[in-house]
Amino acid sequence: MLGIGEGGAFPTATRSFTYWMPATERGFAQGITHSFARLGGAVTPPIVLAIAVAYGWRESFFLLGGISLVWTVVWIWVFRNTPAEHKWVTPAELEEIGVKSSEMHSAAKGKTPWIMMIKRMWLVTFVDFCYGWSLWVFLTWLPSYLKDSRGFDLKQMALFATLPLMAGVIGDTLGGVLSDLIFRKTGNLKLARRTLLLTGLVGALVFILPAVYTQTPITAVYFLAGSFFFLELTNAVLWSLPIDIAGKYAGTAGGMMNTGFGVAGIVSPAVFGFLIDATGSYEVPFVITAALLLIGAASALFIDPNKHIDVAEPPSEDLRPSFAK
């Protein structure tokens, strides 16, 4: 049930960015959003561990649930589906975003072009699967790896499991900023998106293999932090692609893409654990993870964000992203 609730968060955020952010700032918007998601993952383990030790594991659930409920109330009070509906947004800001209020209100009308969306988004979904496989390795197996393979105790684990995640916080925002910068400087959206995808996935591959084979535990943590940093360079770009390709259908396209990530979340931890049991080592599952990073990088070379989803009644000129004008 928690997964069902969380599953719509990022696709919905992606849908809102279509109308809340100018085309040249969507990478940053996605990056900062996912950075804070990683920040939550980075700071939570030591906090939960401290609460569990002092009071019990159930109390940590009560605390986190209570904070979530408070934030939900604040979000409902502040957020609006479009900037035109929000009383704090000025006419100058609406002009900068570049989407007319009438178009924002009519954007949800019309049938979803499922066939065309599948044709445009299947490769992005596959690359997201390759990215998600590696991410879930970090999120689910990193503490066990540090304990079983590197010999860290509980207190060391709380620290060293956090370092790679903190590197990901930086990578998330930087990936979006760099992609937007390339787009503004060159006007080439394909170059802006592909460059970060390729750099991130190949960089994660370059760092993850030394992390497995180095003899020094601390050095392994540094390599893992480098790998996660590069991996997260791709995240903002992946989540910008549904907006680039699908426009007003970005929420649906984002959910479709995130299915690849969700499938990776189901398969990756189980296969990783099975291989550890079968081989008695972390080497084979990490090598398979590296291979998927390579396959994802090669596949990213064929992603074209300029191939938009065509609809029976094309959106007006102002509704299209600025790169299409």
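Scroll up for the structure.
Summary of the structure given here.

Quick notes on the packing of aromatic side chains
Here is step 1 of the chain: Under the counting rule described, the total for this entry stands at 15 aromatic pairs.
Here is step 2 of the chain: Measuring from centroid to centroid gives 6.2 Å for Trp77 and Trp88, while their planes differ by 85°, and the two rings are edge-to-face. Taken together, the positions of Trp77 in helix α4 (residues 57–78) and Trp88 in the loop between α4 and α5 (91–97) put the pair 11 residues apart, joining distant regions of the chain. For the pair formed by Trp77 and Trp88, the shared burial category is exposed.
Here is step 3 of the chain: Pairwise contacts between aromatic rings join Phe207, Phe223, Phe229 and Phe230 into one cluster.

Concerning the nonpolar core
Here is step 1 of the chain: Membership of the largest hydrophobic core comes to 55 residues, with the highest contact counts inside it found for Met121, Val124, Leu231, Leu238 and Phe286.
Here is step 2 of the chain: Among the secondary structure elements, those contributing two or more residues to this core are α7 (114–148), α10 (189–213), α11 (217–233), α12 (235–246), α13 (250–279) and α14 (283–300).
Here is step 3 of the chain: No other element matches the 15 residues that α7 contributes to this core.
Here is step 4 of the chain: Here Phe286 is in contact with Val137, Tyr145, Ile208, Val212 and Phe272, once residues within four sequence places are set aside.
Here is step 5 of the chain: Among the nonpolar cores identified, the runner-up in size contains 6 residues, and Ala13, Phe17, Met21 and Ile243 belong to it.

Looking at the pattern of salt bridges
Here is step 1 of the chain: Tallied over the entire structure, the rule returns 2 salt bridges.
Here is step 2 of the chain: A salt bridge links Asp304 to Lys190; its shortest N-O distance comes to 3.8 Å. Of this pair, Asp304 sits in the segment after α14 while Lys190 is found in helix α10, placing the two residues 114 residues apart along the sequence.
Here is step 3 of the chain: Looking at Lys190, the relative accessible area reads 29%, which means it is partly exposed.
Here is step 4 of the chain: A salt bridge links Arg193 to Asp244, with the nearest nitrogen and oxygen atoms 2.7 Å apart.

Parameters at a glance
- Here, residues in each chain are numbered from 1, in the same order as that chain's written sequence.
- Side-chain atom pairs in this predicted model are given and counted only at pLDDT of 80 or more, local residue features only at pLDDT of at least 70, and totals for whole chains, interfaces and linings cover all residues.
- Excluded from the side-chain calculation are hydrogens and water; included are all heavy atoms of the structure.
- Side-chain rings of Phe, Tyr and Trp (the six-membered ring for Trp) are treated as a pair once their centres are within 6.5 Å; stacked means planes under 30 degrees apart, edge-to-face means over 60, and tilted covers the remaining angles.
- Put simply, DSSP H or I for four residues or longer makes a helix, DSSP E for two residues or longer makes a strand, and each gets a number counted from the N terminus.
- Any residue under 20% of the maximum accessible area for its type is buried, any over 50% is exposed, and the rest in between are partly exposed; the area is computed with a 1.4 Å probe on protein chains only.
- Side-chain atoms within 4.5 Å are what join buried Ala, Val, Leu, Ile, Met, Phe, Trp, Tyr and Cys residues into a set we call a nonpolar core.
- Whether two residues are in contact is decided by their heavy atoms: any pair within 4.5 Å suffices.
- Every case where a carboxyl oxygen of Asp or Glu lies within 4 Å of a side-chain nitrogen of Lys or Arg is listed as a salt bridge.

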